[in-house]
Amino acid sequence: MRRALAAVALLLAASACSAPEAAAPAVPAMRGDSADAPPAMGTNGAAVPALNWAPCHGGFQCASAPVPLSYREPHGAQVTLAVIKLPATDPAHRIGSLFFNFGGPGSDGVGELTRFGARYPAELRARFDLVSFDPRGIGGSAPIHCPGAEDVRPGGSPLRPEQSAAFWSASAAPGKACAAGSGAELAHLSTANVARDLDLLRQAVGDKELNYYGYSYGTYLGGTYANLFPGRLRAMTLDGTLDLVANSTGKPGQEHQPVDVRADVASAQQQELEQFFAACTAAGPSNCAFAGGDPKEKFAAVFARLSHGPVGGVTTASLLQTIQSALYQSGRWKRLGQTLAALVPSSAEPPVPVLDPYVPVHSTGFLAVQCLDSEVPQQTADYLPLAAAEEKRQPYFGLAPVFSMAQCVDWPARDEDRYTGPWNRPRPHPILVLNNRYDPATPLANARATAAELGNGKLLVVDGFGHTSLDVHSACASAAVTRYFTDLTPPADGATCAPDTVPFP
């Protein structure tokens, strides 16, 4: 994830602020272990920050916004958020501000808006100020400090008994570093607190209702806001959508499954890999080096070969990491075909068990939010039987989701004001849920689940491959999103759009 490096100190006194709106009704806390804690709240009477905009980044404007560190103490210690906007090009017909979160968690909104802002449709840029911000703890918004954490690499394999202790010790190292370097801030970084910050920013820009566009993790921020502040939402698009329940607690019976197992990203990756096989075969050897013969059999042979040891420096773990990257964006499929073709053995070997799986390593910014938001199995003994079951169910992609949140085990902070539901609080307007048919990180099944969980979600499917519309552009979907934000007319539930490009053109 991209992160700005400027540090913003915790402030102990409010800067120029305006009076808050009337307090929203309190939303009850959903933590079974926090019976004595005050209930989670809205902004709890916190002062609205005054935004003093100044030119920045060539055509953009930047400002700082002090917000409470804890909304239980709305007039206590503060953190300062970095905020950016691209002013509407037609101020006379301006509807309001459109807030963005570009995913992560751990991604900075300031840098990403400068990257993507000019790409949005002219009508959207004419009618809205495009606004984003670095979430608390990230980039220019009081970034957390975790000295030495980025230098810690995975130590050992969770599947090798003699290396298991080293693996779990290395996984816990970032949390210990963040606790040592960040202090009290670490317990106030849940998405619910970012949603409360977002509501103060909505008031700060003068909007009575929020317009919001969230990608990937930003869909979880959107779903949280839509339920903490349901009466203050005008329009919201969730693009590349997490299952809200799976990302927080999981459904009954899923308590001992990590987040990505609950979301079943392994099946989504397998389904898209099979789409790659089909597209490669149709393209032929002149366009896809892996074409010719049975691609499933050839891939099985490649995987079996690597299970015996590295080939030219390529391991099963590094190959799966390469495949995951390619599944995010089908423009990388041609290169993936070349990589796989170079690994096809001259004769097939029987596979041996994978003992050194691909295990994702996350930024501290990601962990600082995700480990607060999501229930994660805390008993390391629970992981081995789950790994065996998932590898049997999904032989190629099953192991990574089991250990993808290993760095959250024994995370040293909890945010008692996180939000875990309900997700279907009544709202004045429907929410647009946008998802690619084949998305390796946020499966279409998750989008369908979230549309139902919200109670008023309208699902639009792009018949493409990859993660969010940022990687799978569709003029049809872009027009539908623009129409929705400008006149509150969503597409019919279950509508589809074609992508602008296809693999192997």
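What counts as what
Residues numbered from 1 in each chain as written. Predicted model: local features only at pLDDT ≥ 70, side-chain atom pairs only at ≥ 80, totals over all residues. Heavy atoms only, no water. Salt bridge = Lys/Arg side-chain N within 4 Å of Asp/Glu carboxyl O. Helix = DSSP H or I, 4+ residues; strand = E, 2+ residues; numbered from the N terminus. Buried < 20%, exposed > 50% of the residue type's maximum accessible area, 1.4 Å probe, protein only. Phe/Tyr/Trp six-rings, centres within 6.5 Å; stacked < 30°, edge-to-face > 60°. Lys NZ or Arg CZ within 6 Å of the ring centre and 35° of its normal. Pairing = 2+ DSSP bridges. Axes fitted to C-alpha atoms, helices over the stretch in contact; angles between N-to-C directions. Right-handed = clockwise from strand over helix to strand, strands pointing away. pLDDT = per-residue confidence, 0-100. Contact = heavy atoms within 4.5 Å. 1 Å grid on protein atoms, 1.4 Å probe; cavity = no way out; pocket = protein on both sides within 12 Å on 5 of 7 lines; lining within 4 Å. Points joined across faces, edges and corners; volume = space filled by probe spheres on them. Nonpolar A, V, L, I, M, F, W, Y, C, P; charged D, E, K, R; others polar. Parallel < 35°, antiparallel > 145°, perpendicular 65-115°, else oblique. Left-handed = near helix turned anticlockwise from the far one by under 90°. Disulfide = S-S within 2.5 Å.

S.K.: In this structure, what is going on with the pattern of salt bridges? I would like to understand it.
M.R.: As enumerated under the stated definition, the model contains 13 salt bridges in all. The partner of Asp199 in a salt bridge is Arg202, and the shortest N-O contact between them spans 2.9 Å. Note that Asp199 and Arg202 are positioned in helix 4 (residues 191-204) at a spacing of 3 residues, about one turn of the helix. Neither residue differs from the other here; Asp199 and Arg202 are each classed as buried. Across the pair Lys251 and Asp243 runs a salt bridge, and its minimum N-O distance is 3.5 Å.

S.K.: Quick question: what am I supposed to make of the packing of aromatic side chains here?
M.R.: Geometrically, a pair of aromatic rings is defined through the distance of the ring centres and the angle of the planes. Inspection of the entire model under this criterion finds 29 aromatic pairs. Consider the rings of Tyr438 and Phe465, whose centres lie 5.4 Å apart with planes at 20°: the pair is stacked. With Tyr438 in strand 10 (residues 431-438) and Phe465 in strand 11 (residues 457-465), the pair connects residues that are 27 residues apart, well separated along the chain. Residue classification places Phe465 among the buried positions, given a relative accessible area of 16%. Chaining the aromatic ring pairs together yields one cluster made of Phe276, Phe277, Phe290, Phe299, Phe303, Trp333, Tyr396, Tyr438, Phe465 and Phe504. The cationic tip of Lys298 hangs over the ring face of Phe290; the distance from NZ or CZ to the ring centre is 4.4 Å.

S.K.: Mind showing me how you'd approach the sheet that holds strand 5 (residues 78-86) here?
M.R.: Pairing between the strands of a sheet is mediated by backbone hydrogen bonds and can be parallel or antiparallel. Reading across the sheet, the 10 strands line up as 3-4-5-7-6-8-9-10-11-12 and stay open at both edges, with mixed pairing between neighbours. Looking at the sheet topology across the chains shown, the edges are occupied by strand 3 (54-56) and strand 12 (495-497). Averaged over neighbouring strand pairs, the angle between their axes works out to 30° when direction is ignored. Of the strand pairs in this sheet, strand 9 (residues 233-239) and strand 10 are connected by 3 bridges, and their pairing is parallel.

S.K.: Quick question: what am I supposed to make of the pairing of strand 11 here?
M.R.: Within a regular strand, side chains alternate between the sheet's two faces. Counting buried positions along strand 11 gives 7 out of 9 residues, so the element sits mostly inside the fold. Between the parallel pair strand 10 and strand 11, the chain is carried across by helix 15 (residues 444-454), and the sense of this crossover is right-handed.

S.K.: Help me understand the confidence of the model for the protein chain in this model?
M.R.: Predicted coordinates in regions of low pLDDT should not be interpreted in detail. With 92% of its residues at a pLDDT of 70 or more, the protein chain shows a mean pLDDT of 91. Here residues 1-17 is a poorly scored stretch, pLDDT under 50, and it has 50 contacts once near neighbours within four places are set aside; other chains count. Predicted confidence is poor over residues 23-38, with pLDDT under 50, and the contacts of this stretch with residues over four places away or in other chains come to 26 contacts.

S.K.: Would you mind showing me how to read the pairing of strand 4 (residues 60-68) here?
M.R.: Here strand 4 lies mainly inside the structure; 7 of its 9 residues are buried. Where strand 3 lies against strand 4, 3 bridges are found, and the strand directions are antiparallel. Each residue of the ladder has a partner; that of Cys56, found in strand 4, is Phe60. From the end of strand 3 to the start of strand 4, which pair antiparallel, there are 3 residues, and His57 there has a positive phi angle of about 50°. In this sheet, strand 5 lies alongside strand 4 in antiparallel orientation, the contact comprising 8 bridges. Its bridge partner being in strand 5, Pro68 is matched across the sheet by Gln78.

S.K.: What is the right way to read the environment of Thr224 from this model?
M.R.: Of note, Thr224 is situated in helix 5 (residues 217-228). C-alpha separation for the pair Thr224 and Pro105, spaced 119 residues apart in sequence, amounts to 14 Å. The contact partners of Thr224, leaving out residues within four places of it in the chain, are Thr191, Ala192, Ala195, Tyr419 and Trp423.

S.K.: Which parts of the structure should I look at to understand empty space enclosed by the protein?
M.R.: What the rule picks out here adds up to 3 cavities of 30 Å³ or more. As a volume, the largest cavity reaches approximately 120 Å³. Per-element accounting of the lining of the largest cavity gives the leading share, 3 residues, to helix 10 (residues 316-328). Across the lining of the largest cavity, the residue classes break down as 10 nonpolar, 3 polar and 1 charged. Forming the boundary of the second largest cavity are Asn101, Gly103, Pro105, Gly106, Ser107, Pro135, Ile138, Val194, Tyr217 and Val369.

S.K.: Help me understand the packing of helix 4 against helix 5, please; the structure alone is not making it clear to me.
M.R.: Where helix 4 meets helix 5, the axes come as close as 9 Å, and the angle between the chain directions of the two elements is 70°. Overall, the two elements helix 4 and helix 5 adopt an arrangement that is roughly perpendicular. Taken as a pair, helix 4 and helix 5 cross one another with a handedness that is right-handed. Residue-level contacts link Thr191, Ala192, Val194, Ala195, Arg196, Leu198, Asp199 and Arg202 of helix 4 to Tyr217, Tyr220, Leu221, Thr224, Tyr225 and Leu228 of helix 5. A class-by-class count of the residues in the contact of helix 4 with helix 5 yields 9 nonpolar, 2 polar and 3 charged.

S.K.: I keep staring at the state of the cysteines and nothing clicks. Help me out?
M.R.: What is meant by a disulfide is a covalent connection between two cysteines, made through their sulfur atoms. The tally for this structure, following the rule as stated, stands at 5 disulfides. The partner cysteine of Cys146 in its disulfide is Cys178, sulfur to sulfur 2.0 Å. Linking Cys146 and Cys178, the disulfide has an S-S dihedral of approximately 100° and is accordingly described as right-handed. Placement of the pair is Cys146 in the loop between strand 7 (128-133) and helix 3 (164-182) and Cys178 in helix 3, with a sequence separation of 32 residues. Across the pair, exposure class does not vary: Cys146 and Cys178 are buried alike. Bridging Cys371 to Cys408, the disulfide has an S-S length of 2.0 Å.

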